[in-house]
Amino acid sequence: MRTVGVILLSLLPVLWGIDYNSAQKKRVAFLENFILFIVFVREQIRFSGRELLEIFSLALREPSFANPVYEKLFLGMKQGKDLRKIIKDNSGIRLNDAETTAVCAFLDGLGKN
């Protein structure tokens, strides 16, 4: 019985490490995808002059932006909700405070200059 307990206790850090690694991969994938989103928005504004909500709806049709976070952010922008809270509530990406601030600052500043 002790052996089983020792084995289980020794597996806990390994399982925690696997979970942490998975969360970091999701975070990096979201940030890389968000860079592509920034480029997409820039190109849409530069060459087509579309409205912001129309650009978001076009982005949601793209397979590269199929992450449900984009849908939640789009709905939050339409309804005037706090984008920081939407990002923090989405536990799948686990962005730190600086990254959350940068994403929200980009989205809040769109179409204002």
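Look up: the structure comes first, before these words.
Residues numbered from 1 in each chain as written. Predicted model: local features only at pLDDT ≥ 70, side-chain atom pairs only at ≥ 80, totals over all residues. Heavy atoms only, no water.

Draft legend 1. Geometry of the packing of helix H1 (residues 2–47) against helix H5 (residues 97–109). Interaxial distance between H1 and H5 falls to 12 Å at its minimum, and their mutual angle equals 20°. In terms of orientation, H1 lies roughly parallel with respect to H5. Where H1 crosses over H5, the two elements pack in a sense that is left-handed. Between H1 and H5, the contacting residues are Arg-27, Leu-31, Phe-34, Phe-37, Ile-38 and Val-41 on the first element and Glu-99, Val-103, Phe-106 and Leu-107 on the second. The class makeup of the residues in the contact of H1 with H5 is eight nonpolar, no polar and two charged. (Axes fitted to C-alpha atoms, helices over the stretch in contact; angles between N-to-C directions. Helix = DSSP H or I, 4+ residues; strand = E, 2+ residues; numbered from the N terminus. Parallel < 35°, antiparallel > 145°, perpendicular 65-115°, else oblique. Left-handed = near helix turned anticlockwise from the far one by under 90°. Contact = heavy atoms within 4.5 Å. Nonpolar A, V, L, I, M, F, W, Y, C, P; charged D, E, K, R; others polar.)

Draft legend 2. Highlighting the packing of aromatic side chains. What the rule picks out here adds up to eleven aromatic pairs. Ring geometry for Phe-37 against Phe-65: centres 5.6 Å apart, planes inclined by 85°, an arrangement best described as edge-to-face. Placement of Phe-37 in helix H1 and of Phe-65 in the loop between helix H2 (52–61) and helix H3 (68–79) is noted, with a sequence separation of 28 residues between them. Accessibility expressed as a relative area gives 1% for Phe-37, which makes it buried. Taken together through their ring pairs, the aromatic side chains of Phe-30, Phe-34, Phe-37, Phe-40, Phe-56, Phe-65, Tyr-70, Phe-74 and Phe-106 make up a single cluster. (Phe/Tyr/Trp six-rings, centres within 6.5 Å; stacked < 30°, edge-to-face > 60°. Buried < 20%, exposed > 50% of the residue type's maximum accessible area, 1.4 Å probe, protein only.)

Draft legend 3. Seen up close, the pattern of salt bridges. The final tally for this structure, using the stated rule, is seven salt bridges. Salt-bridge contacts for Arg-27 lead to Glu-99; the nearest nitrogen and oxygen are separated by 2.5 Å. Of this pair, Arg-27 sits in helix H1 while Glu-99 sits in helix H5; the two residues are 72 residues apart in sequence, bridging distant segments of the chain. Of the residues examined, Arg-27 reaches a relative accessible area of 17% and is grouped as buried. With a relative accessible area of 15%, Glu-99 lands in the buried category. Ionic contacts of the salt-bridge type, sharing partners, join the residues Arg-42, Glu-43 and Arg-46 into one network. (Salt bridge = Lys/Arg side-chain N within 4 Å of Asp/Glu carboxyl O.)

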